[in-house]
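Chain by chain, the residues run as shown.
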Amino acid sequence: MASPRIGVVGATGAVGTVALELLAERGYAGVRAFASARSAGRRLGDIVVEEATPAVFAAGDVDLWLFSVGTSASRELVPKAVAGGAVCIDKSAAFRLEEGIPLVVPEVNGERAGEHEGIVANPNCCTIPLTCALKPLHDAAGLRRVRVATYQSASGAGAQRMAQLRATPPGEADLEMKWDFDGEEFDEESKLREETRKILELPELPISATCVRVPVLVGHAEAVWIETEEPLGAERARELLAAAPSVRIQEFPTPGMAAGGDEVLVGRIREDRSVENGLALFVVCDNLRKGAALNAIQIAELLLTRRALAA
């Protein structure tokens, strides 16, 4: 079978550049990079960035698009790419909660990827590691309730925010909460709740989230408190998580440990004795890799494998 023709949209951004690096590491040739007109002509290694225009998406000479652009841009451009005959894996929030569009973490609900009609949504960079940690515990004991506090790095807000943090004098960096606010919660918190419910197929699961951005360049961390339906215990939870795909037990995980890696680090696994069947965890991953670009590429590989088997 011929090599897939892959296009990366938003190639000059924080996630897009990592996607290009990962595709090269995994041996994909002929990958094309696309961005806005102001970035067209820029060279990323051996690849020259092309302008993402409607004509490009209509041309039909790309099999699979990886989108890492804003929500409004995805809503405009992804349907054009699908109309051109390609499959799109979109990182924005544009399609994640749309009925009929699969929202996929391959280790958790990879079978859903094949149910697409041209679009597969790539979840939020905190939802991905959270569901990787919750899935084995739910399968073993059922989930009754989840509470999570996130500590999200600057790279989650893009390359420009990373540059701002680098330029911030020591001692002046602070926490941020710069998401859309409805008077009660940030949209980042509601996204984390609703995406987790969709991926785990638990639409009524009580989930409470508090999200903040911290002055760390790369690596999102989450403190997680879980109540299970059946007794589980910390030792059994540790065994289940140690055997879970893409999860690695790390006693005291930090963003620095996770940066540059492809695994979800889980530590501080202990019983929460304030509630019945309670567990507490600390979850960390590289938000640019497993939290974004790598997850999208893993979805793409699921689809490419299905296509090869059907050929």
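That block above? That's the structure.
A. The arrangement of unusual backbone geometry in detail. Positive phi outside glycine occurs at S246, with the angle close to 70°. On the secondary structure map, S246 appears in the loop between α8 (234–242) and β12 (247–249). You can call S246 partly exposed: its relative accessible area is 23%. The residue N277 is not glycine, and still its phi comes out positive at about 55°. Positionally, N277 belongs in the loop between β13 (264–271) and β14 (278–285).

B. Fine view of the side chain of N124. Here N124 is to be found in the loop between β8 (119–121) and α5 (127–141). Relative accessible area serves as the criterion here: at 4%, N124 is assigned to the buried category. From its side chain, N124 meets the backbone nitrogen of C126 in a polar contact 2.7 Å long. Ignoring sequence-local partners within four residues, the contact set of N124 consists of K91, R96, E188, K191, E195 and G291.

C. Representation of the pairing of strand β7 (residues 87–90) within the structure. Neither face of β7 is exposed, since V87 and I89 on one face and C88 and D90 on the opposite face are all buried. As paired strands, strand β6 (residues 64–67) and β7 are joined by four bridges and run parallel to one another. From the neighbouring strand, L66 faces β7, where its bridge partner is I89. A crossover links β6 with its parallel partner β7, the connecting element being helix α3 (residues 71–83), and its sense is right-handed. As judged from the three bridges shared by β7 and β8, these two strands associate in the parallel manner. Bridged to C88 within β8 is I119.

So, how was this worked out
- Counting restarts for each chain: residues are numbered from 1 in the order of the written sequence.
- Where local features are concerned, this predicted model is filtered to residues with pLDDT of at least 70; where side-chain atom pairs are given and counted, the filter is 80 or more; whole-chain, interface and lining totals use all residues.
- Side-chain measures here rest on the full set of heavy atoms in the structure, leaving out hydrogens and waters.
- Only runs of H or I of at least four residues qualify as helices and only runs of E of at least two qualify as strands under DSSP, and these elements are numbered from the N terminus.
- Three exposure classes are used, based on accessible area relative to the maximum for each residue type with a 1.4 Å probe and protein chains only: buried under 20%, partly exposed in between, and exposed over 50%.
- In protein, a polar contact means a hydrogen-donor-capable atom and an acceptor-capable atom, both N or O and within 3.5 Å, with residues adjacent in sequence counting only if both atoms are side-chain atoms; elsewhere, any N or O pair within 3.5 Å suffices.
- Contacts are assigned to residue pairs with any non-hydrogen atoms lying within 4.5 Å of each other.
- Note on pairing: two strands pair once DSSP finds at least 2 bridges between them.
- The handedness of a crossover follows from its direction of travel: if, with the strands pointing away from the viewer, the path from the first strand over the helix to the second runs clockwise, the crossover is right-handed.

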